[in-house]
Amino acid sequence: MTTVTWVEVNEDSGFGVENLPYGVFSRPGELPRVGVAIGEHVLDLAELATAGLIEGRWFASGSLNAFMAAGRASWQANRTRLTELLTDESHRPQVEPHLIPLRDVELLRPIEVADYVDFYASEHHATNMGRMLRPGGDALLPNWKHLPVGYHGRSGTVFPSGTPIVRPSGQRRGESGPTFGPTLKLDIEAEVGFVAGVPSAPGHPVATGDFRDHIFGFTLVNDWSARDVQGWEGQPLGPFLAKSFATSISPWITPVAALEAARVAPPPQDPVPLPYLHCDEPWALDLDIEVLINGQTVSRPPFSTMYWTAPQQLAHATVNGASLRTGDLFASGTVSGPERLQRGCLMELTWNGREPVELADGTKRTFLEDGDTVILRATAPTPTGSRLALGEVVGTIVPATT
Ligand code: MN
């Protein structure tokens, strides 16, 4: 049962009126502007505002940042008004002219990314990686259950879905010293990110209970990774060039308010984290993720199994007084469940290349080959029992240029 909108929406589309994710689009010869997805259409919010049907001066813009900075009251008011316009048939004559078929638009990067942080919040992923990287040692390092481990990534190379991914070159460990060349171990990381709207002041940490006042929404993330480069450069400071060449995000940012029905209790945390990481509300999200390579589903990672939740990550990232900026992107880290076919990267799925996965055409993969296309998808429950979709993230690998 879905909420009824007068827009024709395929029941399985995941883009019913319960979702209303925000994005930025353009048509040939026109300036980019903000829209929301509904079924197979984008609703042009810049035109709706010009027509006086919604409030706001934020939508004739090439990014969501101005609207994201406007704050929760504005986000809620706009969502309420859009829901009214799309469900009350009496508004149809005024609103329908501002619906544009998605096939007629180009979807752009939805946000101007300020800072970018990537966490490492799946216990299954961290355990698997620990086993491969430190055989015989402890799978989890001593800090892992006390704080959400993360690193600062490169915001300038966060690309919208559909951007071709150039195979990066770099240094790899060799028999007699390092070698240089295109990575031989190009991988994906299926992740879920959240985006900051309202900034915070330096010196003022954001408590877990203030998550909704600062965070605008969630998006799917593919944190492309060169494992051979990573294995050589990563000691002792962690990911650098192995990650900084490209990160892909969905063209749509799903509002926090659309995911309230997806909130579930996270796995029990033992030992109990320090007080600043305590969270009163359950904030794991029941998102079913799907990873496809060349059309073949290779994994279905369950986001609900993540050990650290988004409000805990936000509280940790700001507890030292580091301030938030509008457009900050925080990604979860690879989402891996307990089962083999729930692992969110090829390094785990193939156990560092030892157990290839078979694709639909009968070919096998350990890591990605040139020409491969990776798609990430995710769905979440809504209050009406239907499922909404996070916008998919697509990337095709093209040959190295160096
Ligand atoms: Mn990652």
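The present account deals with the structure reproduced in this document. In this text the structure is predicted, and so the values were computed from the model without any measurement.

Time to look at the overall build of the protein chain. Scanning the protein chain from N- to C-terminus turns up ten helices and 26 strands. For a compact globule of 402 residues, the expected C-alpha radius of gyration is about 21 Å, and the protein chain comes in at 21 Å, within 12% of that figure. Within the protein chain, the fraction of its 402 residues that count as buried is 53%. Counting only contacts in the protein chain whose residues sit at least 6 apart along the sequence, the fraction spanning at least 24 positions is 72%. On the protein chain, roughly 17000 Å² of surface is accessible, and the fraction owed to carbon and sulfur atoms is 53%. Looking at charge distribution, the protein chain has the averaged site of its 30 positive side-chain charges lying 5 Å from that of its 46 negative ones.

Turning next to the side chain of lysine 243. Inspection of the secondary structure puts lysine 243 in helix H8 (residues 241-244). Residue lysine 243 is classed as buried on the basis of its relative accessible area, which comes to 6%. A polar contact of 2.8 Å, which involves the side chain of lysine 243, links it to the side chain of serine 225.

All right, on to the coordination of the manganese ion then. Every protein donor of the manganese ion is listed here as Asp118 (OD), Glu189 (OE), Glu191 (OE) and Asp223 (OD), and their distances to the metal cover 2.1 Å. Each donor residue of the manganese ion belongs to the same chain, and together they define the spacing D-x70-E-x1-E-x31-D. Pair noted here: aspartate 118 is in strand S6 (residues 116-119) and glutamate 191 is in strand S13 (residues 190-196), with a separation of 73 residues, a long-range link. Glutamate 191 matches aspartate 118 in its accessibility class, with the two residues each being buried.

Attention now moves to unusual backbone geometry. A cis geometry characterises the amide bond from glutamine 235 onward to proline 236, with omega recorded as 0°. Summarising the element assignment, proline 236 is placed in the loop between helix H7 (227-233) and H8. Non-glycine residue asparagine 352 carries a positive phi angle of around 60°. On the secondary structure map, asparagine 352 appears in the loop between helix H10 (346-349) and strand S23 (357-358).

With that settled, the discussion passes to the pattern of salt bridges. Charged atoms that come close allow side chains of opposite charge to pair. Applying the stated criterion across every chain yields a total of 27 salt bridges. The salt bridge involving glutamate 281 is made with arginine 212; its shortest N-O contact spans 2.7 Å. You can see glutamate 281 sitting in the loop between strand S18 (263-264) and strand S19 (284-285) and its partner arginine 212 sitting in helix H6 (residues 211-214), a full 69 residues away along the chain. The class of glutamate 281 is partly exposed, set by a relative accessible area of 31%. When its relative accessible area of 16% is taken as the criterion, arginine 212 is described as buried. Across the pair lysine 243 and aspartate 223 runs a salt bridge, and its minimum N-O distance is 3.2 Å. Taken together, the residues lysine 243 in helix H8 and aspartate 223 in the loop between strand S14 (215-222) and strand S15 (225-226) connect sequence positions 20 residues apart.

The next point concerns the pairing of strand S10 (residues 169-172). Across four bridges, S10 lies against strand S11 (residues 179-182) in antiparallel orientation. By the bridge assignment for S11, arginine 172 is matched with threonine 179. Here S10 hands over to S11 after six residues, with glycine 177 in that stretch at a positive phi of 95°.

One open sheet holds the five strands; their spatial order is S9-S26-S25-S20-S21, and the pairing between them is mixed. In this open sheet, the two edge strands, each paired with only one partner strand, are strand S9 (165-166) and strand S21 (296-299). Summarising the sheet, strand S25 (residues 373-381) and strand S26 (residues 387-398) pair through eight bridges and their orientation is antiparallel. Within the sheet, the bridge partner assigned to leucine 376 lies in S26 and is valine 393.

Cut-off values and rules
Residues numbered from 1 in each chain as written. Predicted model: local features only at pLDDT ≥ 70, side-chain atom pairs only at ≥ 80, totals over all residues. Heavy atoms only, no water. Helix = DSSP H or I, 4+ residues; strand = E, 2+ residues; numbered from the N terminus. Rg over C-alpha atoms; globule rule 2.2 N^0.38 Å. Buried < 20%, exposed > 50% of the residue type's maximum accessible area, 1.4 Å probe, protein only. Contact = heavy atoms within 4.5 Å. Areas by Shrake-Rupley, 256 points an atom, 1.4 Å probe, with all protein chains shown as cover. Lys, Arg positive; Asp, Glu negative; His and termini not counted. Charge placed at Lys NZ, Arg CZ, Asp CG, Glu CD. Polar contact = N/O pair within 3.5 Å; in protein donor to acceptor, adjacent residues only side chain to side chain. Donors = N, O, S within 2.8 Å, 3.2 Å for Na, K, Ca; no water. Salt bridge = Lys/Arg side-chain N within 4 Å of Asp/Glu carboxyl O. Pairing = 2+ DSSP bridges.

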